[in-house]
Amino acid sequence: MIRTMKNCCIRYFSKGLCLLLAAALLVGCGQSGQTETKTLRVGVAVYLQTDTFIDAIVQDLERLVQAREAADGIKINLNIVDGRGSQITQTEQIDRLIALDYDVLCVNIVDRTSAAQIIDKAKEAEIPLIFFNREPVAEDLSRWEQVYYVGAKAEESGVIQGQILLDRWLNANPSMDKNGDGILQYVMLEGEPGHQDAMLRTEYAVQTLTGAGVSVERLAGDTANWDRSQAAARMSDWVNTLGDSIEAVISNNDDMALGAIDAYQSLDIPPEDMPVIVGVDATDPALKAVEEGLLYGTVLNDAQGIAENMLELALLLESGQDPAQSDLTLADGKYIWLPYRRVTLRELQAEQSPAG
Ligand code: BGC
Ligand code: CA
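This structure is a prediction, so every number in the text was calculated from the model and none was measured.

The rules behind the values
- Residues numbered from 1 in each chain as written.
- Chains lettered and ligands numbered in written order.
- Predicted model: local features only at pLDDT ≥ 70, side-chain atom pairs only at ≥ 80, totals over all residues.
- Heavy atoms only, no water.
- Helix = DSSP H or I, 4+ residues; strand = E, 2+ residues; numbered from the N terminus.
- Buried < 20%, exposed > 50% of the residue type's maximum accessible area, 1.4 Å probe, protein only.
- Contact = heavy atoms within 4.5 Å.
- Areas by Shrake-Rupley, 256 points an atom, 1.4 Å probe, with all protein chains shown as cover.
- Donors = N, O, S within 2.8 Å, 3.2 Å for Na, K, Ca; no water.
- 1 Å grid on protein atoms, 1.4 Å probe; cavity = no way out; pocket = protein on both sides within 12 Å on 5 of 7 lines; lining within 4 Å.
- Points joined across faces, edges and corners; volume = space filled by probe spheres on them.
- Nonpolar A, V, L, I, M, F, W, Y, C, P; charged D, E, K, R; others polar.
- Domains from an automatic or database assignment.
- Axes fitted to C-alpha atoms, helices over the stretch in contact; angles between N-to-C directions.
- Parallel < 35°, antiparallel > 145°, perpendicular 65-115°, else oblique.
- Expected span 1.5 Å × (residues − 1).
- Pairing = 2+ DSSP bridges.
- pLDDT = per-residue confidence, 0-100.

**Re the overall build of the protein chain**
Okay, step 1: In terms of helices and strands, the protein chain carries 13 helices and 14 strands.
Okay, step 2: Among the 356 residues that make up the protein chain, the fraction classed as buried is 52%.
Okay, step 3: Contacts spanning at least 24 positions in sequence make up 70% of the contacts within the protein chain whose residues lie at least 6 apart.
Okay, step 4: A total of about 16,000 Å² of accessible surface is found on the protein chain, and carbon and sulfur atoms cover 48% of it.

**Here we look at the environment of Leu64**
Okay, step 1: As for its placement among the helices and strands, Leu64 is situated in helix 3 (residues 52–72).
Okay, step 2: A residue is classified by how much of its surface remains accessible, and Leu64, at 16% relative accessible area, is buried.
Okay, step 3: Distance from Leu64 to Leu311, taken between C-alpha atoms, is 8.1 Å for residues 247 residues apart in sequence.
Okay, step 4: Look past the residues within four positions of Leu64 in its chain and what remains in contact with it is Gln304, Ala307, Glu308 and Leu311.

**Digging into the coordination of the calcium ion (ligand 2)**
Okay, step 1: Those donors, Asp177 (OD), Asn179 (OD1), Asp181 (OD), Ile183 (O), Gln185 (OE1), Glu247 (OE) and Glu247 (OE), are the protein atoms that reach the calcium ion (ligand 2), and they lie 2.2 to 2.5 Å from it.
Okay, step 2: All donors of the calcium ion (ligand 2) come from a single chain, and their spacing in sequence reads D-x1-N-x1-D-x1-I-x1-Q-x61-E. The pair formed by Asp177 and Gln185 is uniform in burial state, with each residue classed as buried.

**Quick notes on empty space enclosed by the protein**
Okay, step 1: Counted by the stated rule, this structure contains 2 cavities of 30 Å³ or more.
Okay, step 2: Approximately 100 Å³ is the volume attributed to the largest cavity.
Okay, step 3: The residue inventory of the lining of the largest cavity, partitioned by class, reads 4 nonpolar, 4 polar and 5 charged.
Okay, step 4: Per-domain counts for the lining of the largest cavity show at least three residues from each of domain 1 (39–152 + 303–339) and domain 2 (155–301).
Okay, step 5: Taken as a whole, the second largest cavity encloses approximately 50 Å³ of empty space.
Okay, step 6: What lines the second largest cavity is simply Phe53, Asn133, Tyr149, Gly151, Ala152, Gln196, Asp197, Asn301, Ile306 and Tyr340.
Okay, step 7: Elements with a contribution of two residues or more to the lining of the second largest cavity: strand 7 (147–151) and helix 8 (196–211).

**Describing the packing of helix 11 (residues 284–291) against helix 13 (residues 345–352)**
Geometrically, a packed helix pair is captured by the angle between its two axes and the distance between the axes.
Okay, step 1: Viewed as axis vectors pointing N to C, helix 11 and helix 13 meet at an angle of 95°, and their least axial separation amounts to 9 Å. As judged from the angle between their axes, helix 11 and helix 13 are roughly perpendicular. Along its contact with helix 11, which presents Leu287, Val290 and Glu291, the element helix 13 presents Leu345, Leu348 and Gln352.
Okay, step 2: Looking at the contact of helix 11 with helix 13, its residues break down into 4 nonpolar, 1 polar and 1 charged.

**Here's the deal with helix 8**
Okay, step 1: A rise of 1.5 Å per residue sets the reference length of helix 8, with its 16 residues, at 22 Å; its end C-alpha atoms lie 21 Å apart and thus fit the reference within 8%.
Okay, step 2: Of all the positions in helix 8, only Gln196, Asp197, Ala198, Arg201, Thr202, Ala205, Val206, Thr208 and Leu209 are classed as buried.
Okay, step 3: Immediately beyond the C-terminal end of helix 8, within one or two residues, lies Gly213, with a positive phi of roughly 90°.

**Quick word on the pairing of strand 10 (residues 248–251)**
Consecutive side chains of a regular strand alternate in pointing toward one face of the sheet and then the other.
Okay, step 1: Neither face of strand 10 is left uncovered, since the one carrying Ala248 and Ile250 and the one carrying Val249 and Ser251 both have all their residues buried.
Okay, step 2: Here strand 10 pairs with strand 11 (residues 276–278) via 3 bridges, running parallel. Along strand 11, the bridge assignment pairs Ile250 with Val278.

**Re the sheet that holds strand 4 (residues 75–82)**
Okay, step 1: Strand order in the open sheet made by the 6 strands is 4-3-5-6-7-13, with parallel pairing throughout. Looking at which strands have only one partner, the edges of the open sheet turn out to be strand 4 and strand 13 (335–337). Neighbour-to-neighbour, the strand axes of the sheet open up by a mean angle of 20°, direction not taken into account.
Okay, step 2: Examined bridge by bridge, strand 7 and strand 13 share 3 bridges and lie parallel to one another. Looking across to strand 13, one finds that Gly151 is bridged to Trp337.

**Some points on the confidence of the model for the protein chain**
Okay, step 1: In the predicted model, the protein chain carries a mean pLDDT of 91, and 89% of its residues have values of at least 70.
Okay, step 2: Here helix 1 (residues 2–12) is the element of the protein chain with the lowest mean pLDDT, 33, and strand 10 is the one with the highest, 99.
Okay, step 3: In the model, residues 1–33 has pLDDT below 50 throughout and makes 54 contacts with residues more than four positions away in sequence or in other chains.

Rendered as structure tokens:
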């Protein structure tokens, strides 16, 4: 046990911290000399489990927990609850996890403006709280020192998405400018209103283009709530009214970009006549669409990195350690930021043949 603990420590923690963590995880030795392990109980409240990106985080977490249990001889009980898009439901679920005295709570909050009440409840129960993917405002996070956020910087994904479009725009062969007027005509598929990623991706993708001197014209834009079928419905309407004048579809996430592709396919429009379509996330179906030449590009939103960092942070907090003294990189003592990464066919091919 200690040896496996040590292995984990070499990877993640300083030696002193490691011994403390080992001590916290081992609860007594029976007379037979056998060691009993304590079970860490982590409650994970997600806003909507059918969301493709959230489901990816949940699956990564489950896989990492299993690997960690096998490697380090510890027991981790992960209780995942689905708010199904309702803050009332999620708040009840969190109340229950608190009543059951879970060791750490990980919350993908439904309504970002409800963070304060959840923080206050966790604080009263003294249960450390990690928000992820849906970012509460800084003022709320400062209500208690045992509150953290694990996620990625929304504006960064917008900038990278804008750069993908900029590079494609500057490549004249074949030109993106279907009507040859020197202006990029686009439609925007927006995520949930009020979500930091929807607002900032929309803003920064366009700003990156205009900042580089590209003239743009927004032909249409609407929310499709991160959802593939809602996006397909919006896109069908736009194709019917705007037709071939759409030169780019800028989507706040991959599911909605795939919905746009669905719309073109159901109208029997061949790939070569589709506009340049870009998303964010790099989900498995999106990567497949990039390989097939249907989706021009996406931006990797690091689900696995979020899951990994959240689990390490939860383990540290449960054992009463100060994450600021660990190997985790914390900004302002509260935030763990995962970088975004550009993905087009070029990056995928470079990954497959790194030498070339
Ligand atoms: C992802 C979306 C997802 C949303 C959920 C965003 O970061 O890009 O795909 O629906 O988070 O909160
Ligand atoms: Ca044009």
